[in-house]
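# Per-entry structural report
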Amino acid sequence: MAEVANPRSAPQRLPQESLLLAADVGGTHARVGLLSRQPHGASPVTVLRYQRYACAEWPSLTAVLQHFVTYLDAPAPIDQCVVASAGYVLDDAIVNDNLAWPVSISDIRENLALDHLAVINDFEAVAWATQFLTDADTLPVIETSAPPQRGPVLVMGPGTGLGSAVLLPGQPHATVLATEAGQIALAPGNEREIEILRLLARERTHVAFEHALSGPGLRNLYRAISALRGTPAVLGEPSAITHAALMQSDAAAVEALEVFCGLLGSFVGDLVLLYGARGGVFLAGGILPQIRQLLLASRFRERFFNKGVMRPYLQQVPVRLMEHGQHGVIGAAGLALAGHVEAG
């Protein structure tokens, strides 16, 4: 994560008494909240105001934040902000090809008169927020008979991109490891997936899991499968492909979602082994809640367990589906107030 401090004042830890503006920015939606510290309770912060914005309808992130603040009627001035976004900070910009527009850090800070603006990874924020979830907030995908184990917790999910982070238990606070696991090379698990990979490799020198497990990735799968079937790829948007699959109205779309869920199960199982995520898995992102019944009926579970001698290990790891909702802004604010935003 990066702290982008106002050059007029020395960088410092965000004051715990302040109101805090937090934004969770993805390629499709920006979720914005006004939060305050809650010393006692299940969550360290309370959401006072919350709004979700469609990024395509706004000219910039600055415009989104200005609109939110204008209609806040906040009880006190806001001079602290934390932005959770995929990508990384380079000079004055958040670099991420999946965002709807370039993001200028100085433009946000100056137009909102902020003393401090922190930028963190979006899945880092979601991972932090999983500490405050209850079972009622999630849907079981794979349940275990064994009691929950203490250990790393994997959080990942496909949306406009493929995000991933790991929550590491510790004292006095947990630590979050932001990752770029979505850029790991795509590993096919059967002959059909090998054929799909061959087609995807014609368009790029490196085929990552994100090129299959994301909104654009689902479109890649659909086009490749249509080509293999010898049928026209008539659907252009991931939402249309998803709808057609759910309605069973397009055979290539149905197969694309089946391949999507199988690859996802295999990849999540690999990441559990990689990070030793005995504490469980939370699936997030913008796509999975829309296809949850299809996901539950898919080969996700079969592929998740298909790791040879490690099958018994994986049978002890629960997998749950979470709605993105407010968790990104809660996690971003919680990380800042816990002092995990470092001066940069």
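The paragraphs below set out a description of the structure included in this document.

The rules behind the values
- Residues numbered from 1 in each chain as written.
- Predicted model: local features only at pLDDT ≥ 70, side-chain atom pairs only at ≥ 80, totals over all residues.
- Heavy atoms only, no water.
- Helix = DSSP H or I, 4+ residues; strand = E, 2+ residues; numbered from the N terminus.
- Rg over C-alpha atoms; globule rule 2.2 N^0.38 Å.
- Buried < 20%, exposed > 50% of the residue type's maximum accessible area, 1.4 Å probe, protein only.
- Contact = heavy atoms within 4.5 Å.
- Areas by Shrake-Rupley, 256 points an atom, 1.4 Å probe, with all protein chains shown as cover.
- Lys, Arg positive; Asp, Glu negative; His and termini not counted.
- Charge placed at Lys NZ, Arg CZ, Asp CG, Glu CD.
- Core = buried A, V, L, I, M, F, W, Y, C linked by side-chain atoms within 4.5 Å.
- Arc of directions from axis to C-beta.

## Section: the overall build of the protein chain
- Summing up its helical and strand segments, the protein chain has 11 helices and 15 strands in all.
- The C-alpha radius of gyration of the protein chain comes to 20 Å, within 12% of the 20 Å expected for a compact globule of 344 residues.
- Overall, the protein chain is about 60 × 45 × 35 Å in size when its C-alpha atoms are taken along their principal axes.
- Looking at the 344 residues of the protein chain, the share that counts as buried comes to 51%.
- Relative to all contacts within the protein chain whose residues are 6 or more apart in sequence, the contacts with residues 24 or more apart total 70%.
- Carbon together with sulfur atoms contributes 51% to the accessible area of the protein chain, which is approximately 15,300 Å² in total.
- Both charge centroids of the protein chain, one from 23 positive and one from 31 negative side chains, sit 7 Å from each other.

## Quick look at the nonpolar core
- Leu154, Met156, Val268, Val272, Leu283, Phe300 and Phe304 are the most contacted members of the largest nonpolar core, which has 52 residues in total.
- A total of 13 residues in this core trace back to one element, the largest contributor, which is helix H7 (residues 251-275).
- For Phe300, the contacting residues outside a window of four places in its chain are Val141, Ile142, Cys261, Leu264, Gly265, Val268, Leu283, Leu295 and Val319.
- Core analysis: the second largest hydrophobic core is formed by 32 residues, Ala118, Ala129, Val176 and Val329 among them.

## With respect to helix H6 (residues 238-247)
- Looking only at H6, the buried set comprises Pro238, Ile241, Thr242, Ala244 and Ala245. End-on, the buried residues of H6 take up no more than an arc of 165°, which puts them together on one face. Counted as exposed and oriented over 90 degrees from the buried face of H6: Ser239, His243 and Met247.
- At its buried positions, H6 is contacted by helix H5 (215-229) and H7.
- Positive phi appears at Gln248, one or two residues downstream of H6, with a value of about 60°.

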